[in-house]
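Chain by chain, the residues:
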There are 4 protein chains.
Amino acid sequence: MAGSTLGNLFRVTTFGESHGVALGCIVDGCPAGLSLCEEDIQKYLDRRKPGQSKASTARNESDTVHILSGVFEGKTTGTPIALEIRNADQHSKDYGSIATSFRPGHADFGFYEKYGFRDYRGGGRSSGRETVARVAAGAIAAKLLGELGVKFTAYTKELGGVEITNFDEAEILNNPAYMPDKVAAALAMEKVEKARDEKDSLGGICECIITGVKPGIGEPVFDKLDANLAKAMLSIGAVKGFEIGDGFEVANLKGSENNDAFCVENGKVSKKTNHSGGTLGGMSDGSDIIFRVAFKPTPSIAKQQDAVNENGEEIKMEIVGRHDPVVVPRAVVVVETMAALVLADAYLMNMTSQLEGFKKFYE
Amino acid sequence: MAGSTLGNLFRVTTFGESHGVALGCIVDGCPAGLSLCEEDIQKYLDRRKPGQSKASTARNESDTVHILSGVFEGKTTGTPIALEIRNADQHSKDYGSIATSFRPGHADFGFYEKYGFRDYRGGGRSSGRETVARVAAGAIAAKLLGELGVKFTAYTKELGGVEITNFDEAEILNNPAYMPDKVAAALAMEKVEKARDEKDSLGGICECIITGVKPGIGEPVFDKLDANLAKAMLSIGAVKGFEIGDGFEVANLKGSENNDAFCVENGKVSKKTNHSGGTLGGMSDGSDIIFRVAFKPTPSIAKQQDAVNENGEEIKMEIVGRHDPVVVPRAVVVVETMAALVLADAYLMNMTSQLEGFKKFYE
Amino acid sequence: MAGSTLGNLFRVTTFGESHGVALGCIVDGCPAGLSLCEEDIQKYLDRRKPGQSKASTARNESDTVHILSGVFEGKTTGTPIALEIRNADQHSKDYGSIATSFRPGHADFGFYEKYGFRDYRGGGRSSGRETVARVAAGAIAAKLLGELGVKFTAYTKELGGVEITNFDEAEILNNPAYMPDKVAAALAMEKVEKARDEKDSLGGICECIITGVKPGIGEPVFDKLDANLAKAMLSIGAVKGFEIGDGFEVANLKGSENNDAFCVENGKVSKKTNHSGGTLGGMSDGSDIIFRVAFKPTPSIAKQQDAVNENGEEIKMEIVGRHDPVVVPRAVVVVETMAALVLADAYLMNMTSQLEGFKKFYE
Amino acid sequence: MAGSTLGNLFRVTTFGESHGVALGCIVDGCPAGLSLCEEDIQKYLDRRKPGQSKASTARNESDTVHILSGVFEGKTTGTPIALEIRNADQHSKDYGSIATSFRPGHADFGFYEKYGFRDYRGGGRSSGRETVARVAAGAIAAKLLGELGVKFTAYTKELGGVEITNFDEAEILNNPAYMPDKVAAALAMEKVEKARDEKDSLGGICECIITGVKPGIGEPVFDKLDANLAKAMLSIGAVKGFEIGDGFEVANLKGSENNDAFCVENGKVSKKTNHSGGTLGGMSDGSDIIFRVAFKPTPSIAKQQDAVNENGEEIKMEIVGRHDPVVVPRAVVVVETMAALVLADAYLMNMTSQLEGFKKFYE
């Protein structure tokens, strides 16, 4: 329960630090019989790889995933799937004052207070690099749910103040901003470039749409589907906000505006609108699930900042090194895969809801 | 794992439906030796009681809590504390078409799809009434953390579009809107009154401030303090959004604006600003924890709505009965106590972080 | 995680002390649609009621169970089922030196060391009376599995040195020893009577047979079916040993003697013998599950014993009051229902093992 | 929850199959600041290595452990410790009929029924080889508790019918039977040799003594210390029984014989005898913890056996290959380290029992 495990039935436990030997995870609870190879996972990892555009760091990491267990003859066996991503370069180097100082906007201070010391190399466990293990695990979850036609699409909705005004799904993987809007993406990347020149960084908003979700997924009280999505999203390093459907807008809506009227479409219960964002009472309502996540600007900036060191002395700090001036584009696939982890768990959980299904399964 | 349990070490499991025999919970993991009586809990429950103002329903429920176990000679014994709130009135009545229809904005449809049938009386398990058990449990968590000087203050920040412009803590419990601003509260209550007259309802935003939190509370990866707060908040029925610190505003800030510079104050590491809202990397940073929660307008409205029944027929629906035209004021104490549950769990969890503390405890 | 919860999917959390207001539990995760009424549970509780024979205490407790939630129109709703058994008599009385002394063979000392003080009335939380909540929960588990034809039969195999030599299932509920052997039962009860006269107590062995279990139930590594049964059994107060199949006898067997040869019977894979006791590699193998549990003699005896009080002074102690001179007969139903809890959880868990079942469920 | 995770606070999740790429685990929740290097773990792994005597297989596996994360500058950081043991030889070979048949005494049939297919190479996940990950994790737990003076000593008590009659701790690691009795060890090894010649195998009993345990460790109800030990032991492949203290002997004892009288020794509460085996009411009582575990004879024997294949045909089977004719000696270190895992978790859990300790920790 020290917090490196997510999920009840589709369950991932991660390990690894930015500059350690390797990062990875164990996925326990994936049903047996799912076709799975390293390429299924690698294609997700490649989407968060750095060094691909001006929005991301110039570090050259190959991020190659290896499946260590749980797959036999191309299929999952039902036993734990261990995934490993070796760190290409873990040579010690001089971390200078970072090793003994608390960077503004970073976890350094909390780590030091909690554990008494910390792995200061590249942020250690609190590095954004920790998310490779999540993406790898989530790729499996996404593949599992793909078997049922559930599809996850995340993208950058807003970056440095530039919001999309168009939605062209095919465009998302086509630009370094991962925006479904070519024009907005170009504008946003200009802003990113400018921020980098100013030794500064930018924030943004990521949106995720999940289609094909059957109604009734999620549990009614503490394990509401949206509650678990919120947790999953806020567990990503730089996230400061989560909203589903109309989100914070609901504060200014009336019930008659916010309620989605039910109707019948093609013989099935449906909704005329989707203010709810696809969940009601913590369970999916059959509409698309739509949520947004706010990412703060990268805290590592080259501008001089006021900081404090472990001796309790005030210092000036300029963070050198290759850091993304914006987190969002690379985080898009993290949002997508974390959502897949939450849904996979909820889908498995839901199988035990009714006596009828229980009896049918065992007859 | 069917979702009625929250927390790892300070752990609450709730039960009960709106019109069942009783609601309540078991709190397992509260340290032994805490002074506790029913009045400690009752005062929190009284804050969510209906029938106290024009913003709340006219139902007359006494919501009296009974401690069934875990307390001996006025102190917690370390064993499970069972709390029970009997439902005053559970006489069957005619629920009319509600029994067999899916109300817009409600969990009815999801429940039906998930379980095959549902307790339709007053929303059953998905009623807002379910939160009495949370408030009762959270009152104990708040008392436990009060021993360390941790304090929780929640209030209505915005209601029906009226936002507070003033913060007078003493005023919060003084008005039916639970706003720390007398003038805003009066305006907001007018809006509420108007919405009720229009057979409609309003949404709002609740804010919560937690003071006195030691740095390092929370776990670095999935069990980040803010992630668990987000889950706890989204697990409250009508919540559609959560943000901490600058929240969604971070999307438009630069790193140099959003980062909180560290400084030394009274010999302790401190921050010059609190854009982070009190957490960095998922652990408390020693500043006040500040978060906001968006509540949708009450879905039960008297206006006619389009709905569908269990036979898959489209129907017209007017929800009669006594429903709060706004959820927020009564939910303020739910937000506060849910936050206390999350913090209590994180505080206990944190005790096992260091070998030094481990050895000291057992020497 | 303070230890009052058992199970992952079929999950029970108990509360209550011997002389508190009430004992009970919350069962979360029972599938919706199971017919359930108080009588279904009461008949199990009646089997552990005291005062029914010379082997049990003379206390007059009615142990009437009340369902507080989770059942609507005679069926489980899928939401938490809260069960409550009120304590008839909780009037304070003079506990004399027991209140401040550590009884030999009892949890008193551990409780005091762990929590700093304890509810000394009748053993508090560590009283055998705590098992009423388990029996109540397990009755639901047994009913659920009964829908699949799984049947649990526990009985006293040995009592005070008298072992059964005959197995007549119909006889089990017919004698106060709960033995499937009328003659052995009579002999055993004589021994019990004699032990009582000598102000002493006796131990025994309980055996449980589970029939109708499908192969493949249980999880391969830590959550082996037999491992979870062992935990469940050792979690019963006076239990000191658990063995399955040939149990400790295996130490003296050869592989060729202990292995069960496979064969085909009625077109199904079967075993020629059942040395394994129904599990192989932690999963059911389709044979009857057979295990035994050793119960120590009741620690509360009227004979004078050496003890120590909270001041660290050596004292002499004679435990007066009405205590069973033997635990086993009343514990038989506890063994049976605890086994049902473990199996119900394993059965639900097993539903998520294969992609094929997953897809079939959702198609 | 698919069963590859053990523990609540000191938490191990394992992965790997007999002939996969690697086996290993993630240990989450180990306090920060513990000195740890690969040699600390390797010395435990070496004790279960095969090929060291006539009692074990001739396979040549180096079983070298690598720490992938969670340790920095020679100390644990509080973050997950990932351990990996690469399989030296995973070349495919012809598994003949084993690939499609169910071996008597093995998990094959259950695996096939549960998952629809299985990794048949060397038993896959249900191979005894899976325990390397447990031993590696438990080595860390043992080191952590060593800091408090808690010591674990396991040994073979009985092997092939030969029981120890002497206890010389120094002798344990000196003979291939891991017996604390040189003479018994020699006799036992003769029996083993004979069994091997007869193409058969032998069972045995392992005993474990834990010294230095503070009273009050363990949780009162389901998570009793002995219950969790029982689960941990029965989760080891070939184990069929567990008993603590007098174990199954209690069935024939009277209360006056089985109760341990309390006394005062060196100013501390102590017990005159230790029939309880160190636990009372599920919590440690300050005496040595003593338990025994029964291991069945190795199911893989060269003698011809009746079996069934996946097509449901009866076949004859002779298992060729290098298999230990007895499991116990190599399992001794598994018992010891599994016990350490249970105790470490219970020790961490116990830190949160009292308000006093809670306040002291945070003051």
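Counting of residues starts from 1 at the beginning of each chain's written sequence and follows it residue by residue. The order in which chains are written sets their letters, starting at A; the order in which ligands are written sets their numbers, starting at 1. With pLDDT at 70 or above as the cut-off, local features in this predicted model cover only qualifying residues; side-chain atom pairs require 80 or more to be listed or tallied, and sums for whole chains, interfaces and linings still use all residues. The side-chain values count all of the structure's non-hydrogen atoms but skip hydrogen atoms and water molecules.

Caption draft 1: The sheet that holds strand β4 (residues 65-67) of chain B, seen in detail. All names here are of chain B. When DSSP finds at least two bridges between two strands, those strands are taken to pair. Numbering of helices and strands runs from the N terminus, with a helix taken as a DSSP run of H or I at least four residues long and a strand as a DSSP run of E at least two residues long. Taken in spatial order, the 5 strands of this open sheet run β1-β2-β3-β7-β4, and their pairing is antiparallel. The open sheet has two edge strands, β1 (5-6) and β4, and neither has a second partner. For β1 and strand β2 (residues 11-15), the ladder comprises 2 bridges, and the chain directions are antiparallel. Each bridged residue has a counterpart across the sheet, and for Thr-5 the counterpart in β2 is Thr-13.

Caption draft 2: Summary view of the packing of aromatic side chains. Only rings of Phe, Tyr and Trp enter the pairing, Trp through its six-membered ring, and a pair is recorded when the two centres are within 6.5 Å. The plane angle decides the type: under 30 degrees is stacked, over 60 is edge-to-face, the rest tilted. Under the definition given, this model contains 50 aromatic pairs over all chains. Arranged with centres 4.9 Å apart and planes meeting at 80°, the rings of Phe361(C) and Tyr362(C) form a pair that is edge-to-face. In this structure Tyr362(C) comes out as buried when scored by relative accessible area, which is 12%. Here, a charge over a ring is recorded when the distance from Lys NZ or Arg CZ to the ring centre is within 6 Å and its angle to the ring normal is within 35 degrees. Here the basic side chain of Lys114(A) rests over the ring of Tyr115(A), its NZ or CZ set 6.0 Å away from the ring centre. Relative accessibility thresholds used throughout: buried, under 20% of the residue-type maximum; exposed, over 50%; partly exposed, between the two (1.4 Å probe, protein chains only).

Caption draft 3: Structural context of the pattern of salt bridges. Throughout this description, the term salt bridge denotes a Lys or Arg side-chain nitrogen within 4 Å of a carboxyl oxygen of Asp or Glu. Overall, the coordinates contain 108 salt bridges over all chains when judged by the stated rule. Among the salt bridges present, the one from Lys359(C) reaches Glu147(A), with a minimum N-O distance of 2.9 Å. Residue Lys359(C) is found in helix α8 (residues 355-362), and its partner Glu147(A) is found in the loop between α3 (131-146) and β9 (151-159); the two belong to separate chains. With a closest N to O distance of 2.6 Å, Asp285(C) and Lys271(C) form a salt bridge. A residue pair is termed long-range when its members are at least 10 positions apart, and Asp285(C) in the loop between β16 (283-284) and β17 (289-295) and Lys271(C) in strand β14 (residues 268-271) qualify at 14 residues. Pair check on accessibility: Asp285(C) and Lys271(C) agree, each one buried. Through salt bridges with shared partners, a single ionic network connects Glu84(A), Arg86(A), Glu84(D) and Arg86(D).

Caption draft 4: Quick peek at the nonpolar core. To define a nonpolar core, start from buried Ala, Val, Leu, Ile, Met, Phe, Trp, Tyr and Cys residues and group those joined through side-chain atoms within 4.5 Å. Grouped together as the largest cluster of nonpolar side chains are 377 residues, with contacts concentrated most on Phe291(A), Leu343(A), Phe291(B), Leu343(B), Phe291(C), Phe291(D) and Leu343(D). Beyond its immediate sequence surroundings of up to four residues, Leu343(D) is in contact with Leu145(D), Phe152(D), Ile210(D), Val213(D), Ile217(D), Leu225(D) and Leu229(D). Contact between two residues is taken to exist if any of their heavy atoms lie within 4.5 Å; hydrogens are not considered.

Caption draft 5: Structural detail: the sheet that holds strand β3 (residues 22-28) of chain C. Residue and element names in this part refer to chain C. One open sheet accounts for 5 strands, arranged β1-β2-β3-β7-β4; its pairing is antiparallel. In this open sheet, the two edge strands, each paired with only one partner strand, are β1 (5-6) and β4 (65-67). Looking at chain direction, strand β2 (residues 11-15) and β3 are connected through 5 bridges and run antiparallel. When the sheet's bridge partners are listed, Val-12 is paired in β3 with Val-27.

Caption draft 6: Fine view of the relation of the copies chain C and chain B. Between the two copies, chain C and chain B, the superposition gives an RMSD of 0.0 Å; the rotation angle is 180° and the shift along the axis is 0.0 Å. The superposition operator between the copies reduces to a two-fold rotation axis. An overlap of 100% is found between the interface residues of chain C and their copies at the interface of chain B, pointing to a shared contact surface. For the least-squares superposition of copies, only C-alpha atoms count, and only for residues with pLDDT at least 70 in both.

Caption draft 7: Local environment of the interface of chain C and chain B. Residue-level contacts link 45 residues of chain C with 45 residues of chain B. When two parts are brought into contact, each loses some accessible area as probed by a 1.4 Å sphere; the total of that loss over both is the buried area. Roughly 3400 Å² is buried in total at the junction of chain C and chain B, and carbon and sulfur atoms are behind 63% of that figure. On the surface where chain C and chain B come into contact, there are 2 salt bridges. The closest approach of N and O atoms between Arg86(C) and Glu84(B), which form a salt bridge, is 3.1 Å. A 3.5 Å cut-off defines polar contacts: any pair of N or O atoms within that distance qualifies, except that in protein one atom must be a possible hydrogen donor and the other a possible acceptor, and neighbouring residues in sequence count only when both atoms are side-chain atoms. At the boundary of chain C and chain B, one finds 10 residue pairs in polar contact (both at pLDDT 80 or more). Secondary structure elements with two or more residues in the side of chain C that touches chain B: β2, β3, β6 (75-76), β7 (81-86) and α2 (108-115) of chain C. Each residue is assigned to one class: nonpolar for Ala, Val, Leu, Ile, Met, Phe, Trp, Tyr, Cys and Pro, charged for Asp, Glu, Lys and Arg, and polar for all the others, Gly among them. Partitioning the side of chain C that touches chain B into residue classes produces 18 nonpolar, 16 polar and 11 charged.

Caption draft 8: Focus on the pairing of strand β14 (residues 268-271) of chain D. Looking at chain direction, strand β13 (residues 262-265) of chain D and β14(D) are connected through 4 bridges and run antiparallel. Bridge pairing links Val264(D) to Val269(D) in β14(D).

Caption draft 9: Geometry of the environment of Tyr95(C). Residues and elements named next belong to chain C. Mapped onto the fold, Tyr-95 is located in the loop between β7 and β8 (101-102). Assessed through its relative accessible area of 12%, Tyr-95 is described here as buried. In the structure, Tyr-95 is positioned 25 residues away from Tyr-120 in sequence and 7.8 Å away in space, judged by C-alpha atoms. Setting aside anything within four residues of it in sequence, one finds Tyr-95 in contact with His-19, Tyr-120, Arg-121 and Gly-122.

Caption draft 10: Here's a closer look at the relation of the copies chain D and chain C. You can overlay chain D on chain C at an RMSD of 0.0 Å; the transform is a turn of 180° with a shift of 0.0 Å along its axis. Taken as a fraction of all interface residues of chain D, those also at the interface in chain C reach 100%, which identifies the copy contact as same-surface.

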